[in-house]
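Each chain is listed here by its residues.
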Amino acid sequence: MGGGHGHGRPSATARHRGRMIVVVGVTSVVFVVQIAGGIAANSLALISDSLHVATDITGVLMALIAAHFATRPASPRRTFGFYRLEILAAVFNAVLLFGIAIWVFAEAFRRFFAPPVVASGLVLVIALVGLVVNGFSMALLHRGQKESLNVRGAYLEVLGDLLGSVAVVVAAIAIGVTGWQVIDPIASVVVALMILPRAWRLLHEAIDVLLEATPKGMDLSEVRRHLLRREGVLDVHDLHAWTLTSGLPVLTAHVVVEQARLADAGPLLDSLHECLRGHFDVEHSTLQLEPVGHLDHEGARHE
């Protein structure tokens, strides 16, 4: 049996920690300005956007905390360490987004029938500030969102904030021009509707990881074909692949080899692990080499 590499590889979230800390700082300033401005201007659209910013801050902080725990070493009780904390943070963040959206819908419904007077000029200025800051935050997170589920969650939330800021800007201009105060709760519903698809996508991806689904983009049939091309390999069965945390796929397999290869298995194992690293970005793999006929008395197994 052979294992490729240990569990010490830093998670994708950890590799982008510095940028995420900067995003927390600038979005915290935006939150304070927006919540104060929303209350002062009596604008639900601006308040809902500020609450969405608050979930950004919470989500990024949770991801950073989880990434910190993920660097703690494995133990006999937790053999993979704390990597899964990042995924639990993503689930909590998604549920929080759903809760924010539901509250905004309820408050917008109440205000729709009795819309208060909104200070559209103040709303416009604050929304424009949020637009600029969100654009800056997106630029910081752009590269990391391709590697980490939590960075992607933060990136999508900031994108939603940017679109939300656009909606609030349009609403503020429309209220200033027409005087129709009902536009404000309508704009808040638009912001909430932007939240829901992203919350569902984040939750769906996190649940896939928790259910140990095959990593996104990995075709196990293709993995099997690559392994079978190695000299001396006769069959591959009990092939499993899952995601430990974002950016860290794991794979196990039973590999049937020629009898002569078992006497000196080192070179073949090196070749197989290198194949998995090079073609499928699997740094941690565990392979059981076995002779022909061993399968007949292995007991319960999977294809």
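Residues numbered from 1 in each chain as written. Predicted model: local features only at pLDDT ≥ 70, side-chain atom pairs only at ≥ 80, totals over all residues. Heavy atoms only, no water.

**Student:** I'd like to hear about the packing of aromatic side chains, residue by residue, with values.
**Tutor:** A full pass over the atoms with the stated rule returns two aromatic pairs. Ring plane angle 85° and centroid distance 5.6 Å describe the contact between phenylalanine 112 and phenylalanine 113, whose orientation is recorded as edge-to-face. (Phe/Tyr/Trp six-rings, centres within 6.5 Å; stacked < 30°, edge-to-face > 60°.)

**Student:** Would you mind going over helix α8 (residues 220-228) in detail, with residue names and values included?
**Tutor:** One turn of an α-helix holds 3.6 residues; hence residues three or four places apart share an orientation. Residues of α8 that are buried: Val223, His226 and Leu227. Around the axis of α8, the buried residues are gathered within 95° of arc, so they sit on the same side. Looking at the packing, one finds that the buried side of α8 touches β2 (233-245), β3 (248-257) and α10 (266-280). Capping the start of α8, aspartate 219 holds a side-chain oxygen 2.9 Å from the backbone nitrogen of serine 221, two or three residues further along. (Buried < 20%, exposed > 50% of the residue type's maximum accessible area, 1.4 Å probe, protein only. Helix = DSSP H or I, 4+ residues; strand = E, 2+ residues; numbered from the N terminus. Arc of directions from axis to C-beta. Contact = heavy atoms within 4.5 Å. Polar contact = N/O pair within 3.5 Å; in protein donor to acceptor, adjacent residues only side chain to side chain.)

**Student:** Just give me the short version of the pattern of salt bridges, but keep the residues and values in it.
**Tutor:** The tally for this structure, following the rule as stated, stands at five salt bridges. For glutamate 222, the salt bridge goes to arginine 225, with nearest N and O atoms at 2.5 Å. Of this pair, glutamate 222 and arginine 225 both sit in helix α8, separated by three residues, roughly a single helical turn. Assessed through its relative accessible area of 41%, arginine 225 is described here as partly exposed. With a shortest N-O distance of 3.3 Å, glutamate 231 and arginine 261 are connected by a salt bridge. (Salt bridge = Lys/Arg side-chain N within 4 Å of Asp/Glu carboxyl O.)

**Student:** Describe empty space enclosed by the protein, and please don't skip the residues or the numbers.
**Tutor:** As enumerated under the stated definition, the model contains two cavities of 30 Å³ or more in all. Within this model, the largest cavity holds a volume of roughly 40 Å³. Elements represented by at least two residues in the lining of the largest cavity include exactly α5 (120-141) and α6 (149-178). Looking at which element gives the most residues to the lining of the largest cavity, the answer is α6, with four residues. (1 Å grid on protein atoms, 1.4 Å probe; cavity = no way out; pocket = protein on both sides within 12 Å on 5 of 7 lines; lining within 4 Å. Points joined across faces, edges and corners; volume = space filled by probe spheres on them.)

**Student:** Can you lay out the packing of helix α4 (residues 85-113) against helix α7 (residues 183-210) for me, pointing to particular residues and giving the numbers?
**Tutor:** Between α4 and α7, whose axes approach to 8 Å, the crossing angle comes to 160°. For the element pair α4 / α7, the angle class is roughly antiparallel. Considering how the two elements wind past one another, α4 and α7 form a crossing that is left-handed. Considering only residue class, the contact of α4 with α7 consists of 27 nonpolar, two polar and two charged. (Axes fitted to C-alpha atoms, helices over the stretch in contact; angles between N-to-C directions. Parallel < 35°, antiparallel > 145°, perpendicular 65-115°, else oblique. Left-handed = near helix turned anticlockwise from the far one by under 90°. Nonpolar A, V, L, I, M, F, W, Y, C, P; charged D, E, K, R; others polar.)

**Student:** Describe the environment of glycine 18, with residues and values.
**Tutor:** By the element assignment, glycine 18 lies in helix α2 (residues 17-41). Separated by 46 residues in the primary sequence, glycine 18 and leucine 64 place their C-alpha atoms 9.6 Å from one another.

**Student:** Explain the nonpolar core residue by residue, including any values.
**Tutor:** In summary, soluble globular proteins display a tendency toward joint burial of nonpolar side chains. Counting 21 residues, the largest nonpolar core has Val223, Leu251, Leu272, Leu276, Leu287 and Leu289 as its most contacted members. Looking at this core, the elements that each hand over two or more residues are α8, β2, β3, α10 and β4 (284-290). Sorting elements by how many residues they give to this core places α10 first, with six residues. Core analysis: the second largest hydrophobic core is formed by 18 residues, Leu64, Leu141, Val151 and Val158 among them. (Core = buried A, V, L, I, M, F, W, Y, C linked by side-chain atoms within 4.5 Å.)

**Student:** Which residues make up the packing of α2 against α5, and what are the values?
**Tutor:** Between α2 and α5, the least distance of the axes is 10 Å, while the angle of their chain directions is 165°. On the basis of their axis angle, the class for α2 and α5 is roughly antiparallel. Crossing handedness for the pair α2 and α5: left-handed. In this structure, α2 contributes Arg19, Met20, Val22, Val23, Val26, Thr27, Val30, Val33, Gln34, Gly37, Ala40 and Ala41 to the contact, and α5 contributes Leu122, Val123, Ile126, Gly130, Val133, Phe136, Ser137, Ala139, Leu140 and Leu141. The residue makeup of the contact of α2 with α5, split by class, is 16 nonpolar, five polar and one charged.

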